[in-house]
Amino acid sequence: MNQTYYDTVTKLENMQTDRDYVLGWMGGYLQNPMREEQRVTEAYQAGYTDGGNGNTDSAQKWVK
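The paragraphs below set out a description of the structure included in this document. (Residues numbered from 1 in each chain as written. Predicted model: local features only at pLDDT ≥ 70, side-chain atom pairs only at ≥ 80, totals over all residues. Heavy atoms only, no water.)

Now for the pattern of salt bridges. Summed over the entire model, instances satisfying the criterion amount to four salt bridges. As a salt-bridge pair, Asp 20 and Arg 35 come within 3.2 Å of each other at their nearest N and O atoms. Taken together, the residues Asp 20 in helix 2 (residues 19-29) and Arg 35 in the loop between helix 2 and helix 3 (42-53) connect sequence positions 15 residues apart. Arg 35 sits in the buried class, given a relative accessible area of 18%. Close ionic contact of Glu 42 with Lys 61 constitutes a salt bridge, the shortest N to O distance being 3.4 Å. Taken together, the residues span a long stretch of sequence, with Glu 42 in helix 3 and Lys 61 in the segment after helix 3 at a distance of 19 residues. (Salt bridge = Lys/Arg side-chain N within 4 Å of Asp/Glu carboxyl O. Helix = DSSP H or I, 4+ residues; strand = E, 2+ residues; numbered from the N terminus. Buried < 20%, exposed > 50% of the residue type's maximum accessible area, 1.4 Å probe, protein only.)

This is the structure we're talking about:
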């Protein structure tokens, strides 16, 4: 793993970002397959997209 991954996940958790967003971000960043369709939430999808792009552009929307 690289430091960017750990730093970003820590930042997202400290911001109290929705857990589905964080899990989606991790999966997208690591290029894992997306969850099965019935378990994909809007937060997960946003995180997966941001993670795949290597950014956290929509994270603020998912802060609790």
